[in-house]
Each structure stands twice: as structure tokens, then as C-alpha cells.
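# An overview of the molecular structure
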Amino acid sequence: MQTVFSEDILGATPRMQRVLKLVEKIAPTDSPVLITGESGTGKELVARAIHYQSRRSDRPFVAVNAAALPENLVESELFGHARGSFTGAQHEKKGLFEEADQGTLFLDEVGEIPPGLQVKLLRVLQTGEVRRVGENHARMVDVRVIAATNKDLVQARESGEFREDLYYRLNVFQIELPPLRERREDISILALYFLTRYSRRLGKSLDGFSPEAQALLVGYDYPGNVRELENAVQRAVTLAEGRTVQASDLPPWMHLSARLLTEPAGARVAADLVPEHDMLLAELEKRHILRTLERHHDNMSRTARALGISRATLWRKLKTIRP
Ligand SMILES: Nc1ncnc2c1ncn2[C@@H]1O[C@H](COP(=O)(O)OP(=O)(O)OP(=O)(O)O)[C@@H](O)[C@H]1O
Ligand SMILES: [Mg+2]
């Protein structure tokens with residue numbers, strides 16, 4: 001079978017090589033898979049790769065994001081509903097499980113599924129039967145479920161927000177996607193890949209990055225991971241005028257965070273650079289604070305000292321960052 005789709009998952013670092021190998025091993029099995037990782041690390045890409053490398057590849061791949069649906073609609077979206085089963089249900093409707101029959105259902109942000117529905121989901125996984133809202137009889141479905149989360153499900157499980165039995169049911173195999181800042185060697189490869197892709201798409205003939213642009217790309221922390229890198233490169237390709245992407249084609253916050261890392265009075269430097277961009281500055285400050293906090297394992301005193309502000313100030317700033 002052709003594995004066109006997995007070729008698009010790039011990664012030369014040992015951690016990504018391990019992920020790719022795991023994808024290859026897991027794909028042909030019919031087991032549920034749980035994919036974890038921060039936003040933009042490639043969870044959906046990996047889910048698709050698993051589907052297209054499985055025997056279900058010529059059947060539907062159906063993706064649903066549990067966080068994007070209002071709570072009262074999740075059940076009828078997933079399982080369908082009978083005509084007139086609730087206000088607004090003028091027609092009967094197949095649920096996504098039925099749509100994905102013989103294929104794969106990708107349950108994105110599975111941690112957001114309301115507790116009441118978690119039981120029903122578990123039952124579908126155990127029995128292979130779905131019941132549309134407002135119907136008494138069940139229908140058989142044959143669906144492989146791949147779930148994803150950027151939330152700590154272990155913690156959600158311990159606090160009782162996520163059912164333990166459902167967790168184990170979904171977590172037969174787990175694929176953990178590392179954040180981009182923990183595999184910096186992949187940045188250049190991905191950047192060049194996106195440069196080629198968007199140059200072609202935009203009809204430009206760019207062939208690389210200037211050394212300064214390259215340094216900025218590799219030094220940045222990417223809170224939005226691969227998606228953020230992709231967007232930055234797409235933007236740069238659009239702006240670039242010569243044959244290479246220049247540092248000035250990259251988003252301003254990449255420059256600012258590079259300065260923040262190298263200059264002790266970072267915040268002041270940033271203010272001098274773009275006094276008009278208050279929003280940008282606030283965002284930058286927020287990221288800087290959160291990163292410093294992380295580096296000091298949430299220790300307030302040490303974080304405050306590292307930032308050169310008082311604990312009270314740090315406290316006040318944190319309250320506006322995460323109210
Ligand atoms: N290893 C990779 N190689 C090539 N492209 C990648 C890789 N990882 C991610 N991408 C690309 O980055 C973008 C984000 O990936 P994806 O949507 O799969 O992330 P996600 O983890 O599902 O994000 P979110 O949690 O925000 O939904 C996509 O355009 C995807 O193609
Ligand atoms: Mg996603």
C-alpha cells in the first residue's frame with residue numbers, strides 16, 4: 001500500500017523518528033490510539049497518517065473536535081438523532097460514528113467531552129453499537145477511534161473529570177508528540193519544507209533563508225509549535241522579495257524574543273523597538289513570564305528574581321495572564 005501521507009510527517013530527531021516508527025507499527029492494528037501533545041504539534045496529521053496506512057484507508061476519515069461543539073449537541077453529533085427528538089431536529093440525522101463506519105473517527109480534544117457522554121462513548125467502544133438520540137434501537141458500527149488531547153488526561157482522570165475506564169479504553173497505544181522547542185534540529189528541515197511548499201503555491205522562486213533568518217528561526221521557542229512555524233514561513237514567503245527569505249520577513253515577535261533572550265533588560269529593549277505595539281508587547285511579556293516560570297518549576301520567588309521584579313508584581317501580572 002502507498003504511504004503518501006506519512007511522507008509529509010517530517011522529523012529527523014530521534015524523538016520524531018520514534019514517533020514515525022510507532023505510527024507504522026500501530027497503523028495496521030485496529031486498536032484505538034491516544035495522541036497527546038501541545039497545540040500545533042501535528043496530532044491531526046499523525047491521526048491521518050495512521051488512517052491512511054491502515055486497511056481502512058479507502059474508507060472515511062472523519063474528524064470531530066469536541067471542544068468546538070456546544071455541550072448539548074455533542075451527543076447528537078456523535079451518535080445522530082431521530083426526527084423530532086429535540087427542538088430543531090426537523091430531520092433524522094446520522095451521527096459521525098455512522099459516517100465513519102468502516103473507517104476512522106478522529107476525536108480531537110477528547111478531554112472536553114462532558115462526563116455524561118463519556119459513559120455513552122465508552123459503551124459504543126465496548127459494544128460497537130450506537131444509539132441515535134430519540135431512538136430505542138441500536139445500530140452496529142465498525143469504527144476505529146483515534147483520540148487526541150492537549151490536556152493532561154492523567155490529571156483529569158485523577159481529579160475525576162475524565163473517566164478512568166474510558167481513559168484505558170482509548171489509551172491502548174499512546175503517541176506523544178514532543179513540542180518543537182524540544183526538537184530544535186527539526187526546525188530547519190520543516191522551515192525549508194514549508195518554504196518550498198508556499199513558494200510553489202505562491203508562484204515564487206525562493207531557495208532558502210539568510211543566515212540571520214535561519215538563526216531567528218532556530219532560536220525561537222514556538223509556543224504554537226509546527227503550526228506557528230508554518231504560519232511564520234508562509235508569511236515570510238509572501239513578503240520576501242529576493243531569492244532568500246530575510247530576517248525582516250519573519251514576524252516581529254521572533255526578533256523581539258531573540259532580543260529578550262540575549263539582553264538582560266529585555267522588556268525595556270522590546271519597548272524601544274516597537275513602542276506602538278502594545279498588544280504585541282503584552283503578548284511578549286506574557287510568554288516571557290510563563291517561560292521563565294516554567295524554567296523555575298513554578299517557583300514564584302526564583303521566577304521573580306530572574307525577571308528582576310518583586311514577587312508582588314509577578315503575582316499581579318500572573319493574575320492578568322491567567323485570571
Ligand atoms: N512533523 C510534521 N511535518 C510536517 N508538517 C507538520 C508536522 N507537524 C505538524 N505539521 C503541520 O503543522 C500544522 C499543525 O498540525 P496539526 O493540525 O496536525 O496539529 P495539532 O496537534 O492537531 O494542533 P491543535 O492541537 O492546535 O489542533 C499542520 O499544517 C500540519 O500539517
Ligand atoms: Mg488538531
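Definitions and limits used
Residues numbered from 1 in each chain as written. Chains lettered and ligands numbered in written order. Predicted model: local features only at pLDDT ≥ 70, side-chain atom pairs only at ≥ 80, totals over all residues. Helix = DSSP H or I, 4+ residues; strand = E, 2+ residues; numbered from the N terminus. Near = placed C-beta within 6 Å. Nonpolar A, V, L, I, M, F, W, Y, C, P; charged D, E, K, R; others polar. Domains from an automatic or database assignment. Pairing = 2+ DSSP bridges. Axes fitted to C-alpha atoms, helices over the stretch in contact; angles between N-to-C directions. Core = buried A, V, L, I, M, F, W, Y, C linked by C-beta atoms within 7 Å. Buried ≥ 20, exposed ≤ 12 C-beta atoms within 10 Å, placed from the backbone. Contact = placed C-beta atoms within 7 Å. Parallel < 35°, antiparallel > 145°, perpendicular 65-115°, else oblique. Left-handed = near helix turned anticlockwise from the far one by under 90°. pLDDT = per-residue confidence, 0-100.

## Side note on unusual backbone geometry
- Even without being glycine, E109 reaches a positive phi, approximately 50 degrees.
- One can find E109 in the loop between strand 5 (104-108) and helix 5 (115-127).

## So, the site of ligand 1
- Taken together, 17 residues sit near ligand 1, with S39, G42, K43, E44 and V226 positioned nearest.
- Here the residues of the shell around ligand 1 sort into 5 nonpolar, 7 polar and 5 charged.
- There are two domains that each give the shell around ligand 1 at least three residues, and those are domain 1 (6-178) and domain 2 (181-321).

## Concerning the sheet that holds strand 5
- Taking strand neighbours across the sheet as the criterion, the 5 strands line up as 2-5-8-1-9 in an open arrangement whose pairing is parallel. Looking at the sheet topology across the chains shown, the edges are occupied by strand 2 (61-65) and strand 9 (173-176). Averaged over all neighbouring strand pairs, the angle between strand axes comes to 20 degrees, with direction disregarded.
- Across 4 bridges, strand 1 (residues 33-36) lies against strand 8 (residues 144-149) in parallel orientation. Looking at the pairing, T36 lines up with T149 of strand 8.

## Some remarks on the nonpolar core
- Formed by 39 residues in total, the largest nonpolar core has its most connected members in I35, I50 and F97.
- Contact partners of I50, with chain neighbours within four places excluded, come to V23, I26, A27, V33 and I146.
- F194, L229, A232 and V245 belong to the second largest nonpolar core, which has 21 residues in total.

## Side note on the domain arrangement of the protein
- Here the protein is described as being made up of domain 1 (6-178) and domain 2 (181-321).
- Each of domain 1 and domain 2 has a C-alpha centre, and the two are 33 Å apart.
- Here the side of domain 1 that touches domain 2 is composed, by residue class, of 4 nonpolar, 6 polar and 2 charged.

## Looking at the packing of helix 8 (residues 185-201) against helix 10 (residues 225-239)
- For the pair helix 8 and helix 10, interaxial distance at closest approach is 9 Å and the crossing angle is 45 degrees. Judged by the inter-axis angle, helix 8 sits oblique to helix 10. Considering only the axes of helix 8 and helix 10, their crossing is right-handed. Listed contacts from helix 10 to I187, L190, A191, F194, L195, Y198 and S199 of helix 8 are V226, L229, E230, V233, Q234 and V237.
- Residue classes in the contact of helix 8 with helix 10 are distributed as 10 nonpolar, 2 polar and 1 charged.

## Some thoughts on the environment of L20
- Within the fold, L20 resides in helix 1 (residues 14-26).
- We classify L20 as partly exposed; it has 15 C-beta atoms within 10 Å.
- C-alpha of L20 to C-alpha of L190: the two residues are 170 residues apart in sequence and 15 Å apart in space.

## What about the confidence of the model for the protein?
- Confidence in the prediction of the protein, expressed as mean pLDDT, is 88, and 90% of residues score 70 or more.
- Here residues 1-6 scores under 50 on pLDDT; set against residues more than four positions off or in separate chains, the count is 9 contacts.
- Note that pLDDT drops below 50 for residues 266-271; the model gives that stretch 12 contacts with residues more than four away or on any other chain.

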